[in-house]
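Tertiary structure, described
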Amino acid sequence: VKRSLSGIKSTGIPHLGNYLGMIKPAIELQESYESFYFVAEYHALTTERDPAAMRRSTQMITAYFLAFGLDPARAAFFRQSAIPEVTELAWILSCVTHMGLLERAHAWKAAKDRGESNETNHGLFGYPVLMAADILIYDSDVVPVGQDQIQHLEMTRDMATKLNLAFPGADLKLPQALVQKEVAVVPGIDGQKMSKSYDNIIEPLAPPKALRKQCMKIITDSKSLEDPKDPTNDATFALYKLFATPDELAEMEANYRGGNYGYGHAKEALFQKMNEYFTPYRENYERLMADPDTLEDVLEAGSKRVRPVVEEVMERVRSATGLGRP
Ligand code: TYM
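A brief look at the structure comes next. Please read these numbers as outputs of a predicted model, since none were measured by experiment.

Right, let's get into the site of the ligand. In the region of the ligand, 24 residues are neighbours, and Gly7, Lys9, Gly17, Gly21 and Gly146 sit closest. Broken down by secondary-structure element, the contributors of at least two residues to the shell around the ligand are strand S1 (3-9), helix H1 (16-29) and helix H8 (127-136). Grouping the constituent residues of the shell around the ligand by class yields eleven nonpolar, nine polar and four charged.

If you want it as structure tokens, here you go:
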């Protein structure tokens, strides 16, 4: 069987973009792929400075995956830091990776443009190398991600090719990104890509009151109730589209175009739809969060499960590169 691998940074609670773009597709893949998913704490550490927040985020993310149906009997779910060898592989990859490749990374360029000195640390510069190590250390076949990670997957293939050429026998496997078109870029409440750093997120499993409040904060133009509205250029409609049936969507579209509907109505419809969808998962989530020991047990079992793969790949790489006792 082929192997699916993906990661999510422990920088807070997952948002709707994480859920639709990665968590949901990743969990679906557990049916047909051997699945390895992890919490990317080392990547979070490029910005996170609060250890309690790091641990809490790791548990929230774990509870999210379990609440949405990740089955620990089938899939491995674990902490990135439980496999410290990824930092070893990252170093080895660093030694065949040109500065120029890393300087072209979108995330690095954006951080540099923002010019916050704390953001332009060495870890952030080397971020794609660590991510490549995350993927390559498990001989991964496919990597379910949102569109913003495609460049990182291209860089991963680039680094694997370089190492394989420089050190015959390393035999790193070239992975494939899996991106689902309709949810490749989930919009936030301001219509831009949903992202924690844009402060425009919806938290899918927030209590109903909070979820409703987040929906009501969606930014619209200033058309009044009777004005015909353009659904193709509206964040509420774009989000509704991700949950509604074709009939429901057609109905909302008619209401927009006919001007018999205010944005408030559309937001309320979106809230109702999402709340209905997420309520059973929210109940699972709250139950899981009340039992942190179980979450920690799942994480520990996950890292034990992936360890043999890591040892095999690292043995190949160490031996090909001439590290350690022959
Ligand atoms: P992170 O934590 O930023 O996001 C986790 C996943 O969510 C996807 N995503 C989105 N998808 C659609 N619409 C959005 N608005 C949206 N926002 C986020 C991301 O594409 C991602 O798939 N570098 C990674 C974590 C990582 C990783 C890995 C991923 C570390 N090592 C190895 C795959 C393989 C990141 O920061 O994701």
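From this point, the discussion proceeds with the structure in view.
The next subject is the nonpolar core. Membership of the largest hydrophobic core comes to 86 residues, with the highest contact counts inside it found for Tyr64, Phe65, Leu89, Leu93, Ala132 and Ala133. Each of domain 1 (3-185 + 292-321) and domain 2 (205-286) accounts for three or more of the residues forming this core. What phenylalanine 65 contacts, discounting residues up to four positions off in sequence, is Ile23, Ile27, Tyr37, Leu70 and Phe77.

The next subject is H1. Each full turn of the α-helix corresponds to 3.6 residues, which orients residues three or four apart in the same direction. Taking 1.5 Å of rise per residue, the 14 residues of H1 would be expected to cover 20 Å, and the 19 Å separating its terminal C-alpha atoms lies within 8% of that figure. At isoleucine 23, H1 shows its maximal bend, which comes to roughly 30 degrees, and the proline proline 25 appears one to four places after that position. The element H1 is largely enclosed, with a buried count of eleven among its 14 residues. Looking only at H1, the buried set comprises Leu16, Gly17, Asn18, Tyr19, Leu20, Gly21, Met22, Ile23, Ala26, Ile27 and Leu29. The elements touched by buried residues of H1 are S1, strand S2 (34-40), helix H3 (51-67) and strand S4 (142-144).

Further remarks concern helix H9 (residues 150-166). Along its 17 residues, H9 runs 25 Å from first to last C-alpha, staying within 8% of the 24 Å computed at 1.5 Å per residue. Regarding H9, the residues found buried are His152, Leu153, Met155, Thr156, Met159, Ala160 and Leu163. Projection of H9 onto a plane perpendicular to its axis shows the buried side chains occupying an angular sector of 160 degrees, all on one side. Elements in contact with the buried residues of H9: helix H4 (85-94), helix H5 (99-103), H8, S4 and strand S5 (176-178).

With that settled, consider the packing of H8 against H9. Between two packed helices, what matters for the description is the angle formed by their axes and the separation of those axes. One way to put it is that H8 packs onto H9 with a least axis distance of 9 Å and a crossing angle of 75 degrees. Judged on the interaxial angle alone, H9 and H8 are roughly perpendicular. Contacts from Pro128, Val129, Met131, Ala132, Ile135 and Leu136 in H8 reach His152, Met155, Thr156, Met159 and Ala160 in H9. Residue composition of the contact of H8 with H9, by class: nine nonpolar, two polar and no charged.

Rules of the game
Residues numbered from 1 in each chain as written. Predicted model: local features only at pLDDT ≥ 70, side-chain atom pairs only at ≥ 80, totals over all residues. Near = placed C-beta within 6 Å. Helix = DSSP H or I, 4+ residues; strand = E, 2+ residues; numbered from the N terminus. Nonpolar A, V, L, I, M, F, W, Y, C, P; charged D, E, K, R; others polar. Core = buried A, V, L, I, M, F, W, Y, C linked by C-beta atoms within 7 Å. Buried ≥ 20, exposed ≤ 12 C-beta atoms within 10 Å, placed from the backbone. Domains from an automatic or database assignment. Contact = placed C-beta atoms within 7 Å. Expected span 1.5 Å × (residues − 1). Bend = angle between axes of the 7 residues up to and from the residue. Arc of directions from axis to C-beta. Axes fitted to C-alpha atoms, helices over the stretch in contact; angles between N-to-C directions. Parallel < 35°, antiparallel > 145°, perpendicular 65-115°, else oblique.

Without other data, these values stay purely geometric and don't point to any function.
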